[in-house]
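Fold and geometry: a report
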Amino acid sequence: MQLTRHVRPRGGRGGAAALTAALALAACVSREPPPLAGFLDAPVAAVAAQVAGQVEAIPVREGDAVAKGQLLAALDAREREAQVAQARANLGQAREALREAEANLQAVLPTVGGAGADIARAQATLDEAELNFARTEALVKGSAATEQQLDAARARRLEARAALQSLTATRASVKGRVGAASAAVSNARAAVGVAEAAVQLAEVQLAQARVLAPFDGVVVERNLEEGEWAAPGTPVVTVENRERLWARLDVDETRLDGLRLGQEVEVRVIAIPGRTFRGRVAELGAEGEFAVNRDVKRGRPDIRTFRARVALEERDPALRPGMTAEVTVRPQPAPAPPVAGTVQR
């Protein structure tokens, strides 16, 4: 028969209570996950030239703070300035031609109305001559008028017809001149539109010789120097947007389940001890990347990582991209168990 000896720990009941509390505290501490390591990062724009040209000036240096729309670099714009001047001169000529065409049209339009009035009077004269000829012819048949009077009435009728035909032809000619003048005005207006578009294009190309900052930020690199040739799409100055700092993390897949989009976290920057910054999970990688532990040889699977991004909701001038950061994720409270008697849907 084996006897088991019970030994009371030292310190009596007080020592047991202390040991129990220490074990409970250790359990709580062990449940607190370690922080996720990463570094601060920010959006970077390699601002490029949209047109080709020699770099004439870069008035900014690395580390300079720049505002949105501020000049970062200027290309040689002498040729484009000449193109703008030429386009504006062509536009002035086109507008002058349009004014002349409109004035010509205004001068021709009244003649159409005058020709119409003349035709109306000639038609009335012809109608009267026709009636007079008919009356004279009837009188001649009744021996009340002479043949000479009939010949005179016939001559007046023929003269009235000829006058009407001449005025009708004149009105057709006037309408032709009005049509030509209207067409000239339309063509002049189209030429003005083309010239205005040419001016706008030349001004846009001139503006593209100036490389501007796309947002408020800090210059991190001068990709070219004065005198070098910039091709379209060639980066000239690189600008960093520090208004949108985030912490870049590579999270082990074993800890990925504890992260949710929009989840609030705490960010601590090693270079700024004693301070924490509020953050929120803004991105979780959809696919695993590199493995942190190579355990295949020992018969265990690799532990892969997923990229995550935590957007900082606080700003501080001391925060800079590249600084080492630690992100603390508080455990999410477990869902409350269903109340007895309720139906889960």
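Described in the following lines is the structure provided in the data block. (Residues numbered from 1 in each chain as written. Predicted model: local features only at pLDDT ≥ 70, side-chain atom pairs only at ≥ 80, totals over all residues. Heavy atoms only, no water.)

Our next topic: the pattern of salt bridges. This model, assessed by the stated rule, comprises 16 salt bridges. The shortest N-O distance in the salt bridge between Glu-203 and Arg-88 comes to 2.8 Å. Note that Glu-203 is positioned in helix H3 (residues 147-207) and Arg-88 in helix H2 (residues 78-141), a separation of 115 residues in sequence. Among the ionic pairs, Arg-278 bridges to Glu-314, the shortest N-O distance being 3.8 Å. Taken together, the residues Arg-278 in strand S12 (residues 277-284) and Glu-314 in the loop between strand S14 (303-312) and strand S15 (324-328) connect sequence positions 36 residues apart. Here Arg-278 falls in the partly exposed class, since its relative accessible area comes to 48%. Through salt bridges with shared partners, one network takes in Arg-222, Glu-225 and Glu-226. (Salt bridge = Lys/Arg side-chain N within 4 Å of Asp/Glu carboxyl O. Helix = DSSP H or I, 4+ residues; strand = E, 2+ residues; numbered from the N terminus. Buried < 20%, exposed > 50% of the residue type's maximum accessible area, 1.4 Å probe, protein only.)

Below, the discussion takes up the sheet that holds strand S2 (residues 44-48). As summarised here, the arrangement of the four strands in space is S2-S9-S7-S4, forming an open sheet in which the pairing is antiparallel. The outermost strands of the open sheet, each flanked by one partner alone, are S2 and strand S4 (65-66). Pairing of S4 with strand S7 (residues 217-222) involves two bridges; the strand directions are antiparallel. Opposite Ala-65, over in S7, you have Val-218 as the bridge partner. (Pairing = 2+ DSSP bridges.)

To continue, consider the packing of aromatic side chains. In the structure shown here, the tally under the stated rule is zero aromatic pairs. When the ring centre of Trp-246 is taken as reference, the NZ or CZ atom of Arg-309 above it lies at 3.9 Å. (Phe/Tyr/Trp six-rings, centres within 6.5 Å; stacked < 30°, edge-to-face > 60°. Lys NZ or Arg CZ within 6 Å of the ring centre and 35° of its normal.)

As paired strands, strand S1 (residues 36-41) and S15 are joined by four bridges and run antiparallel to one another. Note on S15: the bridge partner recorded for Leu-36 is Val-327.

What follows deals with the side chain of Arg-222. Along the chain, Arg-222 falls in strand S7. By relative accessible area, Arg-222 is classed as buried at 9%. A distance of 3.1 Å separates the side chain of Arg-222 from the backbone oxygen of Ile-58, its partner in a polar contact. A polar contact of 2.3 Å, which involves the side chain of Arg-222, links it to the side chain of Glu-225. With residues near it in sequence (within four places) discarded, Arg-222 still touches Ile-58, Val-60, Arg-61, Glu-62 and Val-236. (Polar contact = N/O pair within 3.5 Å; in protein donor to acceptor, adjacent residues only side chain to side chain. Contact = heavy atoms within 4.5 Å.)

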